[in-house]
Amino acid sequence: MSSFRTMEWTNGNLHLLDQTKLPCIEEIVICKTMDDVCESIKKMVVRGAPAIGCAAAFGYVLGVRSLVENFNFENMSPDSCSSLVSKGREKIYQSLLKTRPTAVNLEWALKQMQRLDYKEHESMGSYVNAIESKAIYLLQEDINTNLKIGEIGADLLGQCRSVLTHCNAGGLATGGYGTALGVIRSIKSRFGDISVFATETRPLLQGARLTAWELTKDDIQVTLITDSMCGALMQTREIDAVIVGADRITANGDVINKIGTYTVSVLAKENSIPFYVAAPWSTVDLGTHSGGDVEIEQRNVNEVRGFGDSVWVQENLSIFNPAFDVTPVEYVSAIITERGVIRGSVDLQEKGLDYEF
Ligand code: MRU
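Here is what the cut-offs are and how they apply
Residues numbered from 1 in each chain as written. Predicted model: local features only at pLDDT ≥ 70, side-chain atom pairs only at ≥ 80, totals over all residues. Heavy atoms only, no water. Buried < 20%, exposed > 50% of the residue type's maximum accessible area, 1.4 Å probe, protein only. Helix = DSSP H or I, 4+ residues; strand = E, 2+ residues; numbered from the N terminus. Arc of directions from axis to C-beta. Contact = heavy atoms within 4.5 Å. Core = buried A, V, L, I, M, F, W, Y, C linked by side-chain atoms within 4.5 Å. Salt bridge = Lys/Arg side-chain N within 4 Å of Asp/Glu carboxyl O. Near = heavy atom within 4 Å. Polar contact = N/O pair within 3.5 Å; in protein donor to acceptor, adjacent residues only side chain to side chain. Areas by Shrake-Rupley, 256 points an atom, 1.4 Å probe, with all protein chains shown as cover. Axes fitted to C-alpha atoms, helices over the stretch in contact; angles between N-to-C directions. Parallel < 35°, antiparallel > 145°, perpendicular 65-115°, else oblique. Left-handed = near helix turned anticlockwise from the far one by under 90°. Nonpolar A, V, L, I, M, F, W, Y, C, P; charged D, E, K, R; others polar. Domains from an automatic or database assignment. Buried area = accessible area lost by both parts, 1.4 Å probe. Pairing = 2+ DSSP bridges.

**So, helix α1 (residues 34–42)**
At step 1: Among the residues of α1, those classed as buried are Met 34, Val 37, Cys 38, Ser 40 and Ile 41. For α1, the angular spread of buried residues about the axis comes to 165 degrees, placing them on one side.
At step 2: Here the buried face of α1 lies against β2 (13–17), β3 (28–31), α2 (49–70), α3 (78–97) and α4 (104–114).
At step 3: Positive phi shows up at Met 44, right after α1, with a value of about 65 degrees.

**Re the nonpolar core**
At step 1: Counting 45 residues, the largest nonpolar core has Met 7, Leu 14 and Tyr 60 as the members making the most contacts within it.
At step 2: Sorting the residues of this core by element identifies β1 (7–10), β2, α1, α2, α3, α4 and α5 (124–157) as the ones contributing at least two each.
At step 3: At 14 residues, the largest contribution of residues to this core is made by α2.
At step 4: Apart from the residues within four sequence positions on either side, Met 7 is in contact with Leu 14, His 15, Leu 16, Val 46, Ala 51, Cys 54, Ala 55, Phe 58 and Leu 139.
At step 5: Counting 24 residues, the second-largest nonpolar core is a separate cluster that includes Phe 197, Ile 239, Val 242 and Ile 335.

**Some words on the pattern of salt bridges**
At step 1: Taken as a whole, this structure holds 18 salt bridges when the rule is applied.
At step 2: With a closest N to O distance of 3.9 Å, Glu 8 and Arg 5 form a salt bridge.
At step 3: For the salt bridge of Lys 351 with Asp 347, the shortest nitrogen-to-oxygen distance reads 3.1 Å. With Lys 351 and Asp 347 both in helix α11 (residues 345–351) and four residues apart, this pair spans about one turn of that helix.
At step 4: Residue Asp 347 is classed as buried on the basis of its relative accessible area, which comes to 19%.
At step 5: When salt bridges with common partners are traced through the structure, they connect Arg 100, Glu 297, Arg 299 and Glu 303 into a single cluster.

**Details of the site of the ligand**
At step 1: Near the ligand there are 19 residues, and of these Arg 47, Arg 100, Asp 247, Asn 257 and Lys 258 occur at the shortest range.
At step 2: Asn 257 places a polar side-chain atom, nitrogen or oxygen, 2.7 Å from an oxygen atom of the ligand.
At step 3: Surface burial for the ligand is 99%, taken as the share of its 410 Å² of free accessible area covered by protein chains.
At step 4: At the level of elements, α2 and β9 (255–258) are the ones that each hand at least two residues to the shell around the ligand.

**What about the packing of α3 against α4?**
At step 1: Contact pair α3 / α4: the axes reach a minimum separation of 10 Å and the direction vectors enclose 165 degrees. In terms of their interaxial angle, α3 and α4 are classed as roughly antiparallel. Where α3 crosses over α4, the two elements pack in a sense that is right-handed. Contacts from Arg 89, Glu 90, Tyr 93, Leu 96 and Leu 97 in α3 reach Leu 106, Glu 107, Leu 110, Lys 111, Met 113 and Gln 114 in α4.
At step 2: Grouping the constituent residues of the contact of α3 with α4 by class yields six nonpolar, one polar and four charged.

**Overview of the domain arrangement of the chain**
Frequently, the measure chosen for interface size is the accessible area that the parts lose on association.
At step 1: By domain assignment, the chain separates into domain 1 (7–141) and domain 2 (149–351).
At step 2: A straight line from the C-alpha centre of domain 1 to that of domain 2 covers 27 Å.
At step 3: Listed by partner, the interface residues are 22 residues for domain 1 and 27 residues for domain 2.
At step 4: Both faces considered, domain 1 and domain 2 share a buried interface measuring about 2100 Å² in area, 54% of it formed by carbon and sulfur atoms.
At step 5: Inspection of the region where domain 1 meets domain 2 yields two salt bridges.
At step 6: Remark: the boundary between domain 1 and domain 2 carries 15 residue pairs in polar contact (both at pLDDT 80 or more).
At step 7: Put simply, the parts of the chain that give the side of domain 1 that touches domain 2 at least two residues each are α2 and α4.
At step 8: Looking at the side of domain 1 that touches domain 2 residue by residue, the classes come out as twelve nonpolar, five polar and five charged.

**Thoughts on the sheet that holds β1**
At step 1: With respect to topology, three strands assemble into an open sheet ordered β1-β2-β3, the strand pairing being antiparallel. Edge positions in the sheet fall to β1 and β3, since each has one partner strand and no second. Across the sheet, the axes of successive neighbouring strands diverge by a mean angle of 25 degrees, strand direction being ignored.
At step 2: In this structure, β1 lies alongside β2, joined through four bridges in antiparallel fashion. Considered in β2, the bridge of Thr 10 is made with Asn 13.

**Structural notes on the sheet that holds strand β8 (residues 248–250)**
At step 1: Within the open sheet, the four strands sit side by side as β11-β8-β9-β14. Their pairing is mixed. The sheet is open, and its two edges are formed by β11 (284–285) and β14 (324–327), each paired on a single side.
At step 2: Taken together, the two bridges between β8 and β11 define a ladder with parallel strand orientation. From the neighbouring strand, Thr 250 faces β11, where its bridge partner is Asp 285.
At step 3: Against the sheet, helix α9 (residues 261–270) touches β9 and β14, its axis set at about 30 degrees to β14.

**A look at the packing of α1 against α2**
At step 1: It is at 8 Å that the axes of α1 and α2 come closest, and there the two elements cross at 160 degrees. Judged by the inter-axis angle, α1 sits roughly antiparallel to α2. Crossing handedness for the pair α1 and α2: left-handed. When α1 is examined against α2, the residues Met 34, Val 37 and Ile 41 are found in contact with a partner set consisting of Ile 52, Ala 55, Ala 56, Gly 59, Leu 62 and Gly 63.
At step 2: Along the lines of polarity and charge, the residues of the contact of α1 with α2 split into seven nonpolar, two polar and no charged.

Have a look at this one:
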């Protein structure tokens, strides 16, 4: 396991390690309401595809709990009760869903929560207990899935001694352990030392602030580079593989991940370095054909104008700030999932046949 907790459900509240403050300050944000969770996802207190899915599941519990506390369902007719709960649940679902548009894990987790039918419970209290248990289960399942991905990834990449990663696909981006960094953790524990090059990941510096922090904490050797150094690194140093996470993988095998991933994949191909993606099946979206069909989140231009209180560009400069990009399937050597190693879209369809989104 990673040596920190990204999130914890404690006394009916969601405790989040504030990722906007790392690595300088290790502070916990306590979410007591669904709105607190929505704000935390939007502001990226919690970020990374699987982590926002898990956080949203707890946000759903907080939303339903407050719905139940605000109405006296006991004195209502079954019809009024049913209509109120249905409308309330839909509002909660939509509020959480619209916090961030690109990572499909958010929608996946919320659908898992919606699937629990309150009509199958004898009281609203027992329904709330059931959805609380479900959210706790989803968090634990995410950790178990990462451990499995780690094992499968280490079987495949065990010989790699030096890898490059982009953004943060670690314990911080998941329930714990991580996808790309989970594979790296598993390689280290099974085969010994591994050296990781982490890109800074402009503009929000998930690589510099988060990947470097969590690998150092777990005693994994990490060297930081700026995003523009990837090409030179691949030309001059021995890089055995690139391994990254994903926010969505479409039916044709395209991978949507942090802005800059596409650039890294092209450089990897040019330099004959294999490019791997590690992701849970909850990131796979077989209902969407290709990367071009996915909404790419456009974030506030101030993120590019500077960082924190520092601004380094002139006012009113035109700025483009997409949070993610699409790596076409032909640049991906393989996708490592808990269902095995996937090579190409046919393999993806076959492994996903019995999967319920
Ligand atoms: O904008 P972020 O920080 O939420 O983006 C995160 C990424 O792009 C990760 O690489 C991805 O979610 C995979 S996390 C296991």
